[in-house]
Amino acid sequence: MKVLKVDHIGIAVKNLDETLKFYTDALGLEVEGTETVEEQKVKVAFLPVGDTEVELLESTSPDGPIAKFIEKKGEGIQHIAFKVENIEEAIKHMKEKGFRMIDEKPRYGAGGAQIAFMHPKSSHGVLVELSERK
Ligand SMILES: C[C@@H](C(=O)O)C(=O)SCCNC(=O)CCNC(=O)[C@H](O)C(C)(C)COP(=O)(O)OP(=O)(O)OC[C@H]1O[C@@H](n2cnc3c(N)ncnc32)[C@H](O)[C@@H]1OP(=O)(O)O
Ligand SMILES: [Co+2]
């Protein structure tokens with residue numbers, strides 16, 4: 001399996017519009033697109049930075065993973081996403097090596113990516129998203 005780049009850094013925020021003031025007005029980044037991903041109970045905004053992106057995530061439900069993360073840890077970096085060449089192969093590779101996948105099958109990711117999360121207990125405290133995007 002091959003990691004091609006850091007696809008994006010996922011940041012949990014309470015309020016997307018409030019947060020954008022910092023990322024656009026102060027940092028000068030631009031919003032490439034926004035999308036609601038029902039399956040993950042999130043509304044996301046993508047802001048490209050060079051060859052990678054910042055993904056801002058606001059929860060659409062109090063029982064979603066982003067709402068739970070903010071409740072326990074507060075706003076901040078929630079995951080890092082690595083772009084892989086082949087998601088099925090990457091999942092198989094991780095399982096064979098004994099690493100714990102949250103998703104054993106690819107799920108829908110923003111922009112039509114195919115994604116799979118690894119358990120942070122298995123990846124030394126970091127929630128890792130594997131992502132294949134054409
Ligand atoms: C739209 C899409 C895209 O890019 O296309 C996205 O990114 S969606 C992004 C949002 N979606 C997701 O995050 C989906 C995958 N996430 C999940 O399934 C969940 O959030 C888990 C990661 C399994 C955590 O679930 P839950 O909060 O119920 O479990 P928990 O609180 O018992 O956590 C178990 C242990 O993991 C730790 N833990 C929880 N969330 C963590 C995180 N983000 N980073 C690092 N560690 C984390 C907790 O502190 C705890 O450790 P201790 O036991 O030491 O206290
Ligand atoms: Co993500």
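Small disclaimer: the values here were computed from a predicted structure and weren't measured.

Novice: Describe the coordination of the cobalt ion (ligand 2), naming the residues involved and giving the relevant values.
Specialist: Protein coordination of the cobalt ion (ligand 2) is provided by H8 (NE2), E55 (OE), H79 (NE2) and E129 (OE), with donor distances spanning 2.1 to 2.2 Å. Around the cobalt ion (ligand 2), the six donor atoms sit at angles spanning 76 to 170°, and that spread fits a shape best called octahedral. All donors of the cobalt ion (ligand 2) come from a single chain, and their spacing in sequence reads H-x46-E-x23-H-x49-E. Pair noted here: H79 is in strand β5 (residues 76-84) and E129 is in strand β8 (residues 128-132), with a separation of 50 residues, a long-range link.

Novice: Quick rundown of helix α1 (residues 16-26)? Include the residues and the values.
Specialist: Looking at α1, one finds that the buried residues are L16, T19, L20 and Y23. Across the axial projection of α1, the buried residues extend over an arc of 105°, all falling on one side. Residues D17, D25 and A26 are exposed on α1 and point more than 90 degrees away from its buried face. Looking at the buried residues of α1, the elements they touch are β1 (3-13), β3 (42-49) and β4 (52-59). For α1, the capping residue at the N-terminal end is N15, with a side-chain oxygen 3.0 Å from the backbone nitrogen of D17. Of the residues one or two after α1, G28 is the one with positive phi, at around 80°.

What counts as what
Residues numbered from 1 in each chain as written. Chains lettered and ligands numbered in written order. Predicted model: local features only at pLDDT ≥ 70, side-chain atom pairs only at ≥ 80, totals over all residues. Heavy atoms only, no water. Donors = N, O, S within 2.8 Å, 3.2 Å for Na, K, Ca; no water. Tetrahedral: all angles 85-135°; square planar, octahedral: opposite > 155°, others 65-115°. Helix = DSSP H or I, 4+ residues; strand = E, 2+ residues; numbered from the N terminus. Buried < 20%, exposed > 50% of the residue type's maximum accessible area, 1.4 Å probe, protein only. Arc of directions from axis to C-beta. Contact = heavy atoms within 4.5 Å. Polar contact = N/O pair within 3.5 Å; in protein donor to acceptor, adjacent residues only side chain to side chain.

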